[in-house]
Amino acid sequence: MKQDYKIATVGDNCMDVYDRTGKAYPGGNPVNVAVYTARLGGRASYTGVVGSDPYGDRMRAAIAAKGVDVSHLRTVPGATAVSHVDIVGGDRVFGDYDEGVMANFRLTPEDIDFLCSHDLVVTGLWGHVEGDLQNFRARGIPVAFDFADKPDDPVVALAIPSVDYAFFSCDEGSEEDLHSFLRTMRTKGPKVVVATRGELGSMAFDGSRFYPQGIVPCAVKDTMGAGDSFIAGFLYSLLRGGTLPECMAKGAENSSVTLQYNGAW
């Protein structure tokens, strides 16, 4: 079995600015997945764009310092994306999002060739690459996509037919409702659909059966990045031949590490 797997993450990045404390942390769904993959000992790259401001310099340096390949992270004139955050009862609450230069981010043919040199492409709802996913499917590169808690977003309908591993955040509703939701989303194209549920754990569906997973208890400081940590752990295990229960367990374990410190990483 191949051992030297490499995950390509692509799409949004942002500085998570905690207005109450004045602190700012690098983040963004694909960025976080790349960093958490490296934390696990895996290889990862991040493709995206930052602004020519101090936040852009800080973002690039911070990602590279974690061992992530940033050779396809572009810097363009303008402001790096900023997400305003507050912490309420240990949970992160998002405020305004200033997209900055990410608003005009689009993949180039060179970017697509680079991403297709990896074993798996990971992106998300705000990455502006949903229109390119069919290129990866055509070239045999599996795709993982984080749809967050927005199942009705127009991007879902466009992206999900070209997605192999779909992730959603579903903190509310009964287990029966969750099963129905996972079944419905699986009919739209993915091999596996996973829902993360906060303190309720997580659930996966592969078309044949459901796979529940509990949380790993820990002292929670900040929930920022918990879902992205789960995705990284799941995919890290998957590429190494893990079964679905093993992937779910690795996701929960990796999430528990992130929950114990402030900021995504």
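Residues numbered from 1 in each chain as written. Predicted model: local features only at pLDDT ≥ 70, side-chain atom pairs only at ≥ 80, totals over all residues. Heavy atoms only, no water.

Focus on unusual backbone geometry
Next, step 1: Its identity is not glycine, yet H128 carries a phi of approximately 60°, on the positive side.
Next, step 2: Relative to the assigned elements, H128 resides in the loop between β8 (120-124) and α4 (133-138).
Next, step 3: The exposure class of H128 is partly exposed, given its relative accessible area of 22%.
Next, step 4: Residues other than glycine seldom take positive phi values, yet A148 does so here, at roughly 55°.
Next, step 5: Within the element layout of this structure, A148 appears in the loop between β9 (143-146) and α5 (154-159). (Helix = DSSP H or I, 4+ residues; strand = E, 2+ residues; numbered from the N terminus. Buried < 20%, exposed > 50% of the residue type's maximum accessible area, 1.4 Å probe, protein only.)

Some words on the packing of helix α1 (residues 29-39) against helix α7 (residues 226-239)
Next, step 1: In contact at an axis separation of 8 Å, α1 and α7 are set at 50° when each is read in the N-to-C sense. With respect to α7, the axis of α1 lies oblique. In the crossing of α1 with α7, the sense of the turn from one axis to the other is right-handed. Here N29, N32, V33, Y36, T37 and R39 of α1 come into contact with α7, specifically with D228, S229, I231 and A232. (Axes fitted to C-alpha atoms, helices over the stretch in contact; angles between N-to-C directions. Parallel < 35°, antiparallel > 145°, perpendicular 65-115°, else oblique. Left-handed = near helix turned anticlockwise from the far one by under 90°. Contact = heavy atoms within 4.5 Å.)

Re the sheet that holds strand β12 (residues 202-205)
Next, step 1: One open sheet accounts for nine strands, arranged β5-β4-β1-β8-β9-β10-β11-β12-β13; its pairing is mixed. Across the chains shown, the open sheet's two edge strands, defined by having one partner strand only, are β5 (73-76) and β13 (210-213). Here the strands of the sheet are splayed against their neighbours by 15° on average, with no regard to which way each runs.
Next, step 2: Pairing between strand β11 (residues 192-196) and β12: four bridges, direction antiparallel. The residue bridging V194 from the neighbouring strand is A204, located in β12.
Next, step 3: Its contacts with the sheet place helix α6 (residues 175-186) against β10 (165-169), β11, β12 and β13, and it is angled at close to 40° to β12.
Next, step 4: Relative to β10, α7 is tilted by about 155°, and along the sheet it contacts β1 (6-10), β8, β9, β10, β11 and β12. (Pairing = 2+ DSSP bridges.)

Some remarks on the pairing of β1
Next, step 1: The element β1 is extensively covered by neighbouring structure, given that five of its five residues are classed as buried.
Next, step 2: The alternating pattern of β1 places K6, A8 and V10 on one face and I7 and T9 on the opposite face, and all of these are buried.
Next, step 3: One ladder, built from five bridges, connects β1 with strand β4 (residues 43-51); its direction is parallel. Residue pairing for β4: V10 is matched across the bridge by T47.
Next, step 4: Looking at chain direction, β1 and β8 are connected through three bridges and run parallel. From the neighbouring strand, I7 faces β8, where its bridge partner is L120.

So, the nonpolar core
Next, step 1: F136, F147, F168 and L182 are the most contacted members of the largest nonpolar core, which totals 39 residues.
Next, step 2: Here this core gets four residues from one element, more than from any other, and that element is α6.
Next, step 3: Not counting residues up to four positions away in its chain, the partners in contact with F136 are L107, I112, L115, C116, V121, I141 and V143.
Next, step 4: Membership of the second largest hydrophobic core comes to 22 residues, among which are I7, L120, A232 and L244. (Core = buried A, V, L, I, M, F, W, Y, C linked by side-chain atoms within 4.5 Å.)

Observations regarding the side chain of D164
Next, step 1: Take D164: it is sitting in the loop between α5 and β10.
Next, step 2: With residues near it in sequence (within four places) discarded, D164 still touches R137, I141, P142, V143, P190, K191 and V192.

Describing the environment of D98
Next, step 1: Tracing the backbone through its elements, the reader meets D98 in strand β7 (residues 91-98).
Next, step 2: Judged by its relative accessible area of 41%, D98 is partly exposed.
Next, step 3: Between the alpha carbons of D98 and A81 there is a distance of 5.5 Å; along the sequence they are 17 residues apart.
Next, step 4: Once residues within four sequence positions are removed from consideration, D98 is found in contact with T80, A81, V82 and H84.

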